[in-house]
Amino acid sequence: MSTIFTKIIAKEIPADIVYEDDLVLAFRDIAPQAPLHILVIPKQEIATANDVTADDELALGRLFTAAAKIAADQGIAENGYRLIVNCNAHGGQEVFHLHMHILGGRSLGPMLTKRETD
Ligand code: 5GP
(Lines give C-alpha, C1' and ligand atoms only; values in the text may rest on other atoms or scores of the structure.)
Protein backbone atom coordinates (compact mmCIF):
# COMPACT_ATOMS: atom_id res chain seq x y z
CA MET A 1 0.00 0.00 0.00
CA SER A 2 3.02 2.29 -0.20
CA THR A 3 2.52 5.52 -2.14
CA ILE A 4 4.62 8.41 -3.36
CA PHE A 5 4.27 9.87 0.15
CA THR A 6 6.18 6.91 1.61
CA LYS A 7 9.08 7.86 -0.67
CA ILE A 8 8.84 11.50 0.45
CA ILE A 9 8.97 10.41 4.12
CA ALA A 10 12.04 8.29 3.33
CA LYS A 11 13.58 11.29 1.45
CA GLU A 12 13.87 9.09 -1.63
CA ILE A 13 12.19 11.78 -3.71
CA PRO A 14 12.39 15.51 -3.07
CA ALA A 15 9.72 17.64 -1.43
CA ASP A 16 9.62 21.18 -0.09
CA ILE A 17 9.40 20.20 3.57
CA VAL A 18 8.14 22.88 5.96
CA TYR A 19 7.80 20.82 9.17
CA GLU A 20 8.85 17.43 10.51
CA ASP A 21 8.74 15.67 13.84
CA ASP A 22 8.67 12.08 15.04
CA LEU A 23 5.08 11.43 13.92
CA VAL A 24 4.28 13.72 10.99
CA LEU A 25 5.81 15.39 7.95
CA ALA A 26 4.53 18.51 6.15
CA PHE A 27 5.49 19.68 2.67
CA ARG A 28 4.19 21.97 -0.06
CA ASP A 29 1.67 20.49 -2.48
CA ILE A 30 3.18 19.98 -5.94
CA ALA A 31 0.04 21.47 -7.58
CA PRO A 32 -1.08 24.22 -5.19
CA GLN A 33 -4.76 25.19 -5.24
CA ALA A 34 -4.27 28.29 -3.07
CA PRO A 35 -1.39 30.70 -2.42
CA LEU A 36 -0.43 28.42 0.48
CA HIS A 37 -1.12 24.70 0.04
CA ILE A 38 0.67 22.34 2.39
CA LEU A 39 0.07 18.64 3.04
CA VAL A 40 0.53 17.21 6.53
CA ILE A 41 0.89 13.43 6.65
CA PRO A 42 1.37 10.86 9.39
CA LYS A 43 4.62 8.95 9.01
CA GLN A 44 2.75 5.72 9.63
CA GLU A 45 0.92 4.43 6.58
CA ILE A 46 -2.85 4.86 6.86
CA ALA A 47 -4.55 4.53 3.47
CA THR A 48 -7.76 6.47 4.06
CA ALA A 49 -9.90 7.98 6.80
CA ASN A 50 -11.82 4.67 6.73
CA ASP A 51 -8.72 2.84 7.94
CA VAL A 52 -8.11 4.91 11.07
CA THR A 53 -7.90 2.99 14.35
CA ALA A 54 -7.39 3.95 17.98
CA ASP A 55 -3.66 3.23 17.50
CA ASP A 56 -3.50 6.20 15.13
CA GLU A 57 -4.95 8.76 17.54
CA LEU A 58 -1.62 10.24 18.65
CA ALA A 59 -0.36 10.73 15.11
CA LEU A 60 -3.69 12.09 13.87
CA GLY A 61 -3.91 14.50 16.78
CA ARG A 62 -0.42 15.63 15.85
CA LEU A 63 -1.69 16.53 12.36
CA PHE A 64 -3.73 19.27 14.01
CA THR A 65 -1.03 20.56 16.33
CA ALA A 66 1.41 20.58 13.41
CA ALA A 67 -1.14 22.36 11.20
CA ALA A 68 -1.68 25.05 13.83
CA LYS A 69 2.07 25.59 14.14
CA ILE A 70 2.53 25.67 10.36
CA ALA A 71 -0.34 28.15 9.94
CA ALA A 72 1.26 30.43 12.53
CA ASP A 73 4.73 30.05 10.99
CA GLN A 74 3.38 30.77 7.49
CA GLY A 75 1.46 33.86 8.69
CA ILE A 76 -2.06 32.67 7.83
CA ALA A 77 -3.37 31.83 11.31
CA GLU A 78 -5.10 35.12 12.03
CA ASN A 79 -6.86 35.48 8.66
CA GLY A 80 -7.71 31.79 8.66
CA TYR A 81 -7.39 28.78 6.42
CA ARG A 82 -9.06 25.48 5.52
CA LEU A 83 -8.10 21.96 6.59
CA ILE A 84 -9.31 19.14 4.33
CA VAL A 85 -9.02 15.34 4.47
CA ASN A 86 -10.38 13.62 1.33
CA CYS A 87 -11.55 10.00 1.47
CA ASN A 88 -11.91 7.62 -1.48
CA ALA A 89 -13.62 8.36 -4.79
CA HIS A 90 -16.43 10.67 -3.73
CA GLY A 91 -14.04 12.63 -1.54
CA GLY A 92 -11.64 13.05 -4.46
CA GLN A 93 -8.75 11.22 -2.80
CA GLU A 94 -5.87 10.61 -5.22
CA VAL A 95 -3.03 9.53 -2.94
CA PHE A 96 -3.90 6.65 -0.63
CA HIS A 97 -1.79 7.73 2.32
CA LEU A 98 -4.05 9.76 4.60
CA HIS A 99 -3.15 13.45 4.52
CA MET A 100 -4.47 16.79 5.67
CA HIS A 101 -4.48 19.71 3.23
CA ILE A 102 -3.78 23.18 4.66
CA LEU A 103 -5.14 25.77 2.24
CA GLY A 104 -4.82 29.50 2.81
CA GLY A 105 -3.37 32.80 1.75
CA ARG A 106 -6.64 34.16 0.36
CA SER A 107 -10.35 34.01 1.12
CA LEU A 108 -11.38 30.52 0.00
CA GLY A 109 -15.10 31.14 -0.50
CA PRO A 110 -17.79 28.55 0.11
CA MET A 111 -16.65 25.10 1.20
CA LEU A 112 -18.27 23.37 -1.78
CA THR A 113 -19.24 24.71 -5.19
CA LYS A 114 -22.88 23.96 -5.83
CA ARG A 115 -23.45 22.10 -9.09
CA GLU A 116 -26.62 21.91 -11.15
CA THR A 117 -26.87 18.20 -10.42
CA ASP A 118 -26.83 18.65 -6.62
P1 5GP B 1 -5.89 14.08 -2.48
O2 5GP B 1 -6.69 14.38 -3.72
O3 5GP B 1 -5.45 12.64 -2.43
O4 5GP B 1 -6.55 14.54 -1.21
O5 5GP B 1 -4.60 15.01 -2.60
C6 5GP B 1 -3.36 14.56 -3.04
C7 5GP B 1 -2.49 15.77 -3.20
O8 5GP B 1 -1.14 15.34 -3.32
C9 5GP B 1 -2.80 16.60 -4.44
O10 5GP B 1 -3.14 17.92 -4.04
C11 5GP B 1 -1.53 16.52 -5.26
O12 5GP B 1 -1.24 17.73 -5.92
C13 5GP B 1 -0.48 16.17 -4.22
N14 5GP B 1 0.64 15.40 -4.72
C15 5GP B 1 0.58 14.26 -5.48
N16 5GP B 1 1.81 13.80 -5.73
C17 5GP B 1 2.68 14.65 -5.12
C18 5GP B 1 4.10 14.69 -5.03
O19 5GP B 1 4.83 13.85 -5.54
N20 5GP B 1 4.65 15.70 -4.29
C21 5GP B 1 3.88 16.66 -3.69
N22 5GP B 1 4.51 17.62 -3.01
N23 5GP B 1 2.52 16.65 -3.76
C24 5GP B 1 1.94 15.66 -4.47
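See the structure above.
Nothing here was measured: the structure is a model prediction, and the numbers come from that model. (Residues numbered from 1 in each chain as written. Predicted model: local features only at pLDDT ≥ 70, side-chain atom pairs only at ≥ 80, totals over all residues. Heavy atoms only, no water.)

Attention shifts here to the environment of Ile 70. Mapped onto the fold, Ile 70 is located in helix α2 (residues 57–73). Owing to a relative accessible area of 2%, Ile 70 belongs among the buried residues under this scheme. Put simply, Ile 70 and Val 40 are 30 residues apart on the chain and 9.5 Å apart in space, counted from C-alpha to C-alpha. Beyond its immediate sequence surroundings of up to four residues, Ile 70 is in contact with Val 18, Tyr 19, Ala 26, Ile 38, Val 40 and Ile 102. (Helix = DSSP H or I, 4+ residues; strand = E, 2+ residues; numbered from the N terminus. Buried < 20%, exposed > 50% of the residue type's maximum accessible area, 1.4 Å probe, protein only. Contact = heavy atoms within 4.5 Å.)

As a matter of local geometry, the ligand sits amid 16 residues, with Asp 29, Gly 92, Glu 94, His 99 and His 101 nearest to it. At 3.0 Å, a backbone N or O of Val 95 approaches an oxygen atom of the ligand. Burial of the ligand by the protein amounts to 86% of the accessible area it has alone, namely 520 Å². Contributions of two or more residues to the shell around the ligand are made by α1 (4–9) and β2 (24–28). Looking at the shell around the ligand, the element that brings in the most residues is α1, giving 3 residues. (Near = heavy atom within 4 Å. Polar contact = N/O pair within 3.5 Å; in protein donor to acceptor, adjacent residues only side chain to side chain. Areas by Shrake-Rupley, 256 points an atom, 1.4 Å probe, with all protein chains shown as cover.)

Glancing now at the nonpolar core. Core analysis: the largest hydrophobic core is formed by 18 residues, its most contacted members being Val 24, Val 40, Leu 63, Ile 70 and Ile 102. Broken down by secondary-structure element, the contributors of at least two residues to this core are β2, β3 (36–42), α2 and β5 (100–104). By residue number, the principal contributor to this core is α2, which donates 6 residues. If we skip the residues at most four places from it in the chain, Ile 102 touches Leu 36, His 37, Ile 38, Val 40, Ala 67, Ile 70, Ile 76, Tyr 81, Arg 82 and Leu 83. Grouped together as the second largest cluster of nonpolar side chains are 8 residues, Phe 5, Ile 9, Leu 39 and Ile 41 included. (Core = buried A, V, L, I, M, F, W, Y, C linked by side-chain atoms within 4.5 Å.)

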